Amino acid sequence: MASKKIDLPPGVLEPREAVLKMAPYSPPTGGRVDKLRLDFNENTVGASPKVLEFLRANLTEAGLATYPEYSEIKQDLATFFGVETDDFILTNGTDEAIQVLINTYVDDDDEVLLLKPSYAMYRFYAEVAGASIRDIPYRAEKLAFPLEELIESIRPTTRALLIANPNNPTGTGTSRAGIERILERATGAAVLIDEAYFEFCGITALPLLNDYPNLFVSRTFSKVYGMAAMRLGCLFSQSGNVDFLHKAQSPYSVNTVATLAAHAAIQDKAYIEKYATEVLAARELLYVGLENLGINYYESKANFVLFHAGARAIPIRDELRRRGVLVRDRSYEIPGCVRVTVGTRDQIRRFLTELEQIW
Ligand SMILES: Cc1ncc(COP(=O)(O)O)c(C=O)c1O
C-alpha cells in the first residue's frame, strides 16, 4: 500500500495506515429513547414480552459469573434454522459476522466487491483489513440490484463479495436464482448474503448452503426480533468453512444474556409473524400516504422506505426530530433521499401526519 503522510497531534501514536485512511463512521446513537424510532430499521414495538419474562426467570448470579456456554442454544438455533450445529457460528450481531468473514478470508490489498450504496459496516471492516474495495452502483432506475454488472465485475482474484439481500438503504434485492449466478461466478471468493431483513421479504439463500462452498449467509436478532441491544447474529456456511471461522473468532464474543433471549425469542414465532405482517400492511399505508403528498419513493422489500425530499432532506429530518419522529437522512449517498423505518400502521399514520404538516 502506498504510504501517505498525515500530520498527527503531538503525543498520538501512529495507527496502521489502513486505519489512518478511514473516514470516521459515527451513526447517531444518542437521544433516541423517548422518540418514535423510525431511523434504524429496528422493531419499533420491542422484543416479544416472553423474552423478558424468560430472562427474569432464568438470569442468576451464578449464571452471570460463568463464561457463556453455547451448546444448548446452538442446538436450538440449528433446529430453528433447519441446519446442523456445525453449519454456523454465533456472532455478536451481523457486524461481528462481517468482521469474522473478513478476518478469515481477506488479506491486505485483497479485492472485496461491494454494492453502493449499502450497509456501512461492509466497507468499515474491509477498510480496517486494508482490502482493496471496488464498488458496483445500484442501478439509477428504481435503485434495482445490479446483477449483470456485479457478475461481470467478479475476477478470479476477488476474495469477498458482501451483499445485503434485501439491501439497506435501497430496499431492493435479487432472487435466489440471481444469488446462484453470483455463486457460480465467484468460485474463488467468500460470498456473504446478509439476510438481516429476511422476515419481510421471504427470500433466503440458506437452502443453497450444501451446494456452494463459497456461500456465507448471515441472520440477525436485531431487526424483526427486536433484540438489537443484545447484539446476536448467526453466520452460516459449510462446516469445513465454519471450522476456519471459529479459528478467527474470539471464543466468548456472544454473551449469555443474548443466548437466553434468543432461546425465548425463537419459541414465540407467532409474535414475529404478527409483527412482520403488521409492517407489510404499514408499508402499503406509507406508500399511499406518500403518493397523496406527491412524494416519490422507492418500493422496498424490507421494513424501511427511501423517499425523495429533494434539497430539503436534512431540514425535513431535523423538523421531524423536533416533533419527536426520527428518520435517517441518506442524501449524502442518494441525492435528496430520506429513509423511514416502517413500524406499525399507527406509527406510520403519526409519521404521515407530522410529514404533511411540514411538507
Ligand atoms: C443490511 C444490514 N445488515 C446488518 C445490520 C445490523 O445488524 P446487527 O445489528 O446484527 O449487527 C443492518 C442494520 O442496519 C443492516 O441494514
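Keep in mind that this is a model prediction, so the values were computed, not measured.

Turning our attention to the nonpolar core. The tendency in soluble globular proteins is for nonpolar side chains to be buried side by side. By size, the foremost hydrophobic cluster in this structure holds 90 residues, and its most contacted members are L161, I182 and F351. Sequence-distant contacts of F351, defined by excluding residues within four places in its chain, comprise L38, L286, F307, L320, V325, V327 and V340. Membership of the second largest hydrophobic core comes to 25 residues, among which are I98, I102, F216 and V242.

Before going further, it helps to spend a moment on unusual backbone geometry. A negative phi angle is the norm for most residues apart from glycine, just as the trans form is the norm for most peptide bonds. Across the junction of K116 and P117, the peptide omega takes the value 0 degrees, indicating a cis bond. Note that the residue after N168, namely P169, is joined by a cis bond; omega there is 15 degrees. Here the phi dihedral of D109 falls at roughly 70 degrees; this positive angle occurs in a residue that is not glycine. For L143, which is not glycine, the phi torsion reads 50 degrees and is therefore positive. Looking at the secondary structure, you find L143 in the loop between strand 4 (132-137) and helix 7 (147-153).

This next bit is on the packing of aromatic side chains. How two aromatic rings sit relative to each other is given by the distance of their centres and the angle of their planes. Considering all chains together, one arrives at twelve aromatic pairs under this definition. Between the aromatic rings of Y138 and F145, the centroid separation amounts to 6.0 Å while the plane-to-plane angle is 85 degrees, which identifies the pairing as edge-to-face. Taken individually, Y138 and F145 each receive the classification buried, so the pair is uniform in this respect. Taken together, the ring pairs in this structure connect F80, F81, F88 and F236 into an aromatic cluster. R312 extends its terminal NZ or CZ atom over the ring of W359, reaching a point 5.2 Å from the ring centre. Positioned above the aromatic ring of F40 is the side chain of R328, whose terminal nitrogen or guanidinium carbon lies 4.9 Å from the ring centre.

Quick look at the site of the ligand now. Taken together, 14 residues are adjacent to the ligand, and T94, D194, Y197, T220 and S222 come closest. Between the ligand and the protein, one listed contact pairs an oxygen atom with a backbone N or O atom of T94 at 2.7 Å. Between the ligand and N168 there is a distance of 2.7 Å, counted from an oxygen atom to a side-chain nitrogen or oxygen. Compared with its free state, where it exposes 400 Å², the ligand has 93% of that area covered by protein. The biggest single contributor to the shell around the ligand is helix 5 (residues 93-105), with three residues.

Pairing in this open sheet of seven strands is mixed, and the strands run 2-8-7-6-5-3-4 from one edge to the other. Either end of the sheet is taken by a strand with one partner, and the two such strands are strand 2 (88-91) and strand 4. Strand-to-strand twist across the sheet, computed as the mean angle between neighbouring axes with direction ignored, equals 20 degrees. As paired elements, strand 3 (residues 111-116) and strand 4 share six bridges and run parallel to each other. Across the sheet, residue L114 finds its bridge partner in strand 4, namely D135.

Procedures and definitions
Residues numbered from 1 in each chain as written. Predicted model: local features only at pLDDT ≥ 70, side-chain atom pairs only at ≥ 80, totals over all residues. Heavy atoms only, no water. Core = buried A, V, L, I, M, F, W, Y, C linked by side-chain atoms within 4.5 Å. Buried < 20%, exposed > 50% of the residue type's maximum accessible area, 1.4 Å probe, protein only. Contact = heavy atoms within 4.5 Å. Helix = DSSP H or I, 4+ residues; strand = E, 2+ residues; numbered from the N terminus. Phe/Tyr/Trp six-rings, centres within 6.5 Å; stacked < 30°, edge-to-face > 60°. Lys NZ or Arg CZ within 6 Å of the ring centre and 35° of its normal. Near = heavy atom within 4 Å. Polar contact = N/O pair within 3.5 Å; in protein donor to acceptor, adjacent residues only side chain to side chain. Areas by Shrake-Rupley, 256 points an atom, 1.4 Å probe, with all protein chains shown as cover. Pairing = 2+ DSSP bridges. Axes fitted to C-alpha atoms, helices over the stretch in contact; angles between N-to-C directions.

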